Amino acid sequence: MAEPQYEISVERLTYSHSPSTPPSLVDISIELPKGSRTILVGANGAGKSTLLQILAGKRLILNEGTHVHIKDRDVFRNSPPGVTFLGTEWAMNPVVRGDIVVSDFLNSVGGYRHKERRDRLLDILDVDLDWHMHAISDGERRRVQLVMGLMSDWDVLLLDEVTVDLDVLVRDDLLSFLKTDSLNRGATILYATHIFDGLNEFPTHVAHMHLGTFLSQPTPWPIAPDIVSKVVSVDLGPKPTLYALALQWLREDRELRRELEKQGRKKRGAKVDEVPTDSETFYRKYDYSH
């Protein structure tokens, strides 16, 4: 059987969280080659998390003509093996906040079967096997999540803001591990983040999402000089950093959104605050005791 041309392939994807709400994703189409490491850039609400959850098979798509494939398999009807999704909601799950020792927790999810790789991650992420899950910080709990999620070999890794709780040293060591893993095994990474420091050497591609669409499709990184002007509206110099590019993209997103607000889109930010001036009306309005 021939290898698929793209490891991740999405065509004509539109998605709404409910029939009564506007689409969170609108006519999305992307193609990512095997071994690529793509950074998704976009403001809060751009649709990054929704896209990753759909790729992970966590949200069902029924639209006729929509194509969401990983490793040439439909993520809903023929789930591909080797796909790992790590998101922020895991650390808030009551199950992982119970009084269980980390060593027992990892063994309960198969850690003993991946000892060599598990132990390497324990060292990289500086995890104490004697920690009790209910007595550690969010950042320490996040490290345990990463050990759990990465200790078995993965082919496609979907990351949604999972480095947000990590200190800068652990984050840098983790990114080095992921890059090496991708290079050595041809594994593919799609990573949504708002932290761009230290990421300059990590990606093979960058992409720009805004209000549920791609303003810039996954573009090889570093961006070639003749391509920069096509993906950003100002001159960032001959070799822009990922941080500078993301900052400019987010500035442009905000300006575009404000233009849409002038045309009738619901406005964000400060507005006239209609607080009652007499005490009886005030306390009747803001009395939440009943």
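Definitions and cut-offs
- Residues numbered from 1 in each chain as written.
- Predicted model: local features only at pLDDT ≥ 70, side-chain atom pairs only at ≥ 80, totals over all residues.
- Heavy atoms only, no water.
- Helix = DSSP H or I, 4+ residues; strand = E, 2+ residues; numbered from the N terminus.
- Buried < 20%, exposed > 50% of the residue type's maximum accessible area, 1.4 Å probe, protein only.
- Contact = heavy atoms within 4.5 Å.
- Areas by Shrake-Rupley, 256 points an atom, 1.4 Å probe, with all protein chains shown as cover.
- Lys, Arg positive; Asp, Glu negative; His and termini not counted.
- Charge placed at Lys NZ, Arg CZ, Asp CG, Glu CD.
- Arc of directions from axis to C-beta.
- 1 Å grid on protein atoms, 1.4 Å probe; cavity = no way out; pocket = protein on both sides within 12 Å on 5 of 7 lines; lining within 4 Å.
- Points joined across faces, edges and corners; volume = space filled by probe spheres on them.
- Axes fitted to C-alpha atoms, helices over the stretch in contact; angles between N-to-C directions.
- Nonpolar A, V, L, I, M, F, W, Y, C, P; charged D, E, K, R; others polar.
- Pairing = 2+ DSSP bridges.
- Salt bridge = Lys/Arg side-chain N within 4 Å of Asp/Glu carboxyl O.

In the annotation of an unreviewed UniProt entry, the entry for the chain reads P-loop containing nucleoside triphosphate hydrolase protein, and the organism field reads Rhodofomes roseus.

K.L.:
Would you take a moment to explain the overall build of the chain for this structure?
P.N.:
The helix and strand inventory of the chain stands at eight helices and ten strands. Oriented by its inertia axes, the alpha-carbon framework of the chain measures out at about 65 × 55 × 45 Å. For the chain, the residues scored as buried account for 44% of the 290 residues in total. For the chain, long-range pairs separated by at least 24 residues make up 66% of all intrachain contacts whose partners lie at least 6 apart in sequence. Accessible area for the chain stands at about 15,800 Å²; split by element, carbon and sulfur atoms hold 51% of it. Looking at charge distribution, the chain has the averaged site of its 35 positive side-chain charges lying 3 Å from that of its 42 negative ones.

K.L.:
Explain helix 3 (residues 115–124) to me, please; I cannot follow it from the model alone.
P.N.:
Because an α-helix packs 3.6 residues into every turn, residues spaced three or four apart end up facing the same way. Within the span of helix 3, buried status applies to R117, R118, L121, L122 and I124. Viewed end-on, helix 3 has its buried residues packed into an arc of 165°, placing them on one side of the element. For helix 3, exposure combined with an orientation more than 90 degrees from the buried face picks out E116 and D123. Those residues of helix 3 that are buried are in contact with helix 2 (102–108), helix 4 (138–150) and helix 5 (168–185). Looking at the residues trailing helix 3, positive phi occurs at D126, about 55°.

K.L.:
Can you walk me through the layout of surface pockets in this structure?
P.N.:
In this approach, a probe sized like a water molecule rolls over the atoms, and the result shows the empty space that is left. Size it by volume and the largest pocket reaches roughly 350 Å³. Forming the boundary of the largest pocket are 17 residues, of which P23, S24, G45, A46 and L211 lie nearest the centre.

K.L.:
What is the right way to look at the packing of helix 3 against helix 5 in this model?
P.N.:
In helix packing, the relevant descriptors are the interaxial angle and the interaxial distance, both defined with respect to the helix axes. It is at 9 Å that the axes of helix 3 and helix 5 come closest, and there the two elements cross at 150°. Residue-level inspection shows R117, R120, L121 and I124 of helix 3 in contact with helix 5, the latter providing V170, D173, L174, F177, D181 and R185. Taken together, the residues that form the contact of helix 3 with helix 5 break down as five nonpolar, no polar and five charged.

K.L.:
How do you make sense of the pairing of strand 4 (residues 67–70) when you look at a structure like this?
P.N.:
Remember that side chains alternate between the two faces of the sheet whenever the strand is regular. Of the pairings in the sheet, the one linking strand 1 (residues 8–15) to strand 4 comprises four bridges and is antiparallel in character. By the bridge assignment for strand 4, I8 is matched with I70. One ladder, built from two bridges, connects strand 4 with strand 5 (residues 73–74); its direction is antiparallel. Each bridged residue has a counterpart across the sheet, and for I70 the counterpart in strand 5 is R73. Hairpin remark: strand 4 followed by strand 5, antiparallel, with two residues in the connecting loop; positive phi at K71, about 55°.

K.L.:
I tried to follow the pattern of salt bridges on my own but got confused; where do I start?
P.N.:
Side chains that differ in charge, positive against negative, can pair when their charged atoms come close. This structure, assessed with the given rule, holds 15 salt bridges. A salt bridge links D74 to R77, with the nearest nitrogen and oxygen atoms 3.2 Å apart. In this structure, D181 engages R185 in a salt bridge whose closest nitrogen and oxygen atoms are separated by 3.0 Å. Note that D181 and R185 are positioned in helix 5 at a spacing of four residues, about one turn of the helix. Given a relative accessible area of 7%, D181 falls into the buried group. Residue class for R185 comes out partly exposed when judged on its relative accessible area of 27%.

K.L.:
Help me understand the sheet that holds strand 10 (residues 213–220) in this model?
P.N.:
Picture the strands of a sheet paired through backbone hydrogen bonds; they go either parallel or antiparallel. Reading across the sheet, the six strands line up as 6-7-8-3-9-10 and stay open at both edges, with mixed pairing between neighbours. Of all strands in the sheet, those bounded by a partner on one side alone are strand 6 (83–86) and strand 10. Direction aside, neighbouring strands of the sheet carry axes that sit 15° apart on average. Contacting strand 6 and strand 7 (156–160), helix 4 crosses the sheet at an angle of about 170° to strand 6. Seen against the sheet, helix 7 (residues 242–262) touches strand 3 (37–41), strand 9 (205–210) and strand 10 and runs at an angle of roughly 15° to strand 9.

K.L.:
So what exactly am I meant to see when it comes to the sheet that holds strand 2 (residues 25–32) here?
P.N.:
If you trace the four strands from one edge of the open sheet to the other, you get 2-1-4-5, paired in antiparallel fashion. Both outer strands of the open sheet, strand 2 and strand 5, are each paired with one neighbouring strand and no more. Sitting on the sheet, helix 1 (residues 48–55) touches strand 1, strand 2 and strand 4, and the angle it makes with strand 1 is about 120°.

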